Amino acid sequence: MKATLDDSSFGPPDENAGLFVRALTSDSEAAAKLYARCMPELRHWLQARLPGCDAEDLSHEALLTALRRGSRFHQGARLMPWLRTIAWHLAQKRLRGDSRRKRREREYVEHELRVTGATPELSPKRLAALNACLASLPKQQRQLLHLRYIEGRSSSDIAAQSGRSRVAVAVSLHRICKDLKTGILSKARLTHPSGCDAHSAASRSTF
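Now for a description of the structure that goes with this document.

Conventions used here
- Residues numbered from 1 in each chain as written.
- Predicted model: local features only at pLDDT ≥ 70, side-chain atom pairs only at ≥ 80, totals over all residues.
- Heavy atoms only, no water.
- Axes fitted to C-alpha atoms, helices over the stretch in contact; angles between N-to-C directions.
- Helix = DSSP H or I, 4+ residues; strand = E, 2+ residues; numbered from the N terminus.
- Parallel < 35°, antiparallel > 145°, perpendicular 65-115°, else oblique.
- Left-handed = near helix turned anticlockwise from the far one by under 90°.
- Contact = heavy atoms within 4.5 Å.
- Nonpolar A, V, L, I, M, F, W, Y, C, P; charged D, E, K, R; others polar.
- Core = buried A, V, L, I, M, F, W, Y, C linked by side-chain atoms within 4.5 Å.
- Buried < 20%, exposed > 50% of the residue type's maximum accessible area, 1.4 Å probe, protein only.
- Phe/Tyr/Trp six-rings, centres within 6.5 Å; stacked < 30°, edge-to-face > 60°.
- Salt bridge = Lys/Arg side-chain N within 4 Å of Asp/Glu carboxyl O.

## Observations regarding the packing of helix α1 (residues 15-23) against helix α2 (residues 28-49)
Packed helices, taken two at a time, are described by the angle between their axes plus the distance between the axes. Two elements in contact, α1 and α2, have axes separated by 8 Å at closest approach and are oriented at 140 degrees. Taken together, the axes of α1 and α2 are oblique relative to one another. Seen along the crossing, α1 lies across α2 with a hand that is left-handed. Packed against α1, whose contacting residues are E15, N16, L19, F20, R22 and A23, the element α2 presents A30, A31, K33, L34, R37 and C38 at the interface. Across the contact of α1 with α2, the residue classes break down as 7 nonpolar, 1 polar and 4 charged.

The structure is reproduced here in structure tokens:
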């Protein structure tokens, strides 16, 4: 689906468009009615096309974006097609951002695993296992990986921010990468199936 922010379907003005124009003039009653009428439809529309997305949040953001860009709304146009276009663009931008973040995270972890000799070049099967292990990490461990490998922070910087010692941070990173290596091999059925769970439990208890 390709569209632009100005891609609206023309026709007789609808009630939503009238409410939108009034909301642009700081009419709070019109804004409340506009929200009640448009949000459910926009949320269902997003959920139907992008299952698993945060449709509620995207719908809010789309409506706020439309209000900020009210001057782009064509007089005589219907509002919902324009709102759907904005929501779709916002959703695609968010998905691209998530995809880039996950790719960078995976690439840095792959690099760390190879540098430490933890595992050879990752095959598609091992990449899938890596993604699964990354997704199962506790939030604190994922945040630690993000600070080190995505933001490029040093162990000293992370230690100062978190109130821990540099050695403790370095040890935690080493353990996480070691456990990821074990998890990759386990999920790829190259070692005993219980290896990933055992090491993940150990890492959670020592983090």
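Alright, that's what it looks like, and here's the rest.
## Regarding the nonpolar core
Core analysis: the largest hydrophobic core is formed by 28 residues, its most contacted members being F20, L34, F73, L79, W82 and L83. Broken down by secondary-structure element, the contributors of at least two residues to this core are α1, α2, α3 (55-68) and α4 (79-115). When residues of this core are assigned to their parent elements, the largest contribution, 9 residues, is made by α4. L130, V169, L173 and L180 belong to the second largest nonpolar core, which has 17 residues in total.

## Re the packing of aromatic side chains
What describes a pair of aromatic rings is the distance from one ring centre to the other and the angle between the planes of the rings. Counted under the stated rule, the structure contains 4 aromatic pairs. For the pair F20 and F73, a centre-to-centre distance of 5.3 Å together with 70 degrees between the ring planes defines the contact as edge-to-face. In this pair, F20 is assigned in helix α1 and F73 in the loop between α3 and α4, connecting sequence segments 53 residues apart. A relative accessible area of 7% means that F73 is categorised as buried.

## With respect to the pattern of salt bridges
Evaluated as defined, the whole model comprises 7 salt bridges. Between R84 and E41 there is a salt bridge, with the nearest N and O atoms lying 3.6 Å from each other. Taken together, the residues span a long stretch of sequence, with R84 in helix α4 and E41 in helix α2 at a distance of 43 residues. In this structure R84 comes out as partly exposed when scored by relative accessible area, which is 23%. Relative accessible area serves as the criterion here: at 39%, E41 is assigned to the partly exposed category. Note that R43 is salt-bridged to E56, the shortest N-O span being 3.1 Å.

Such coordinate-based values are descriptive only and should not be taken to indicate function.
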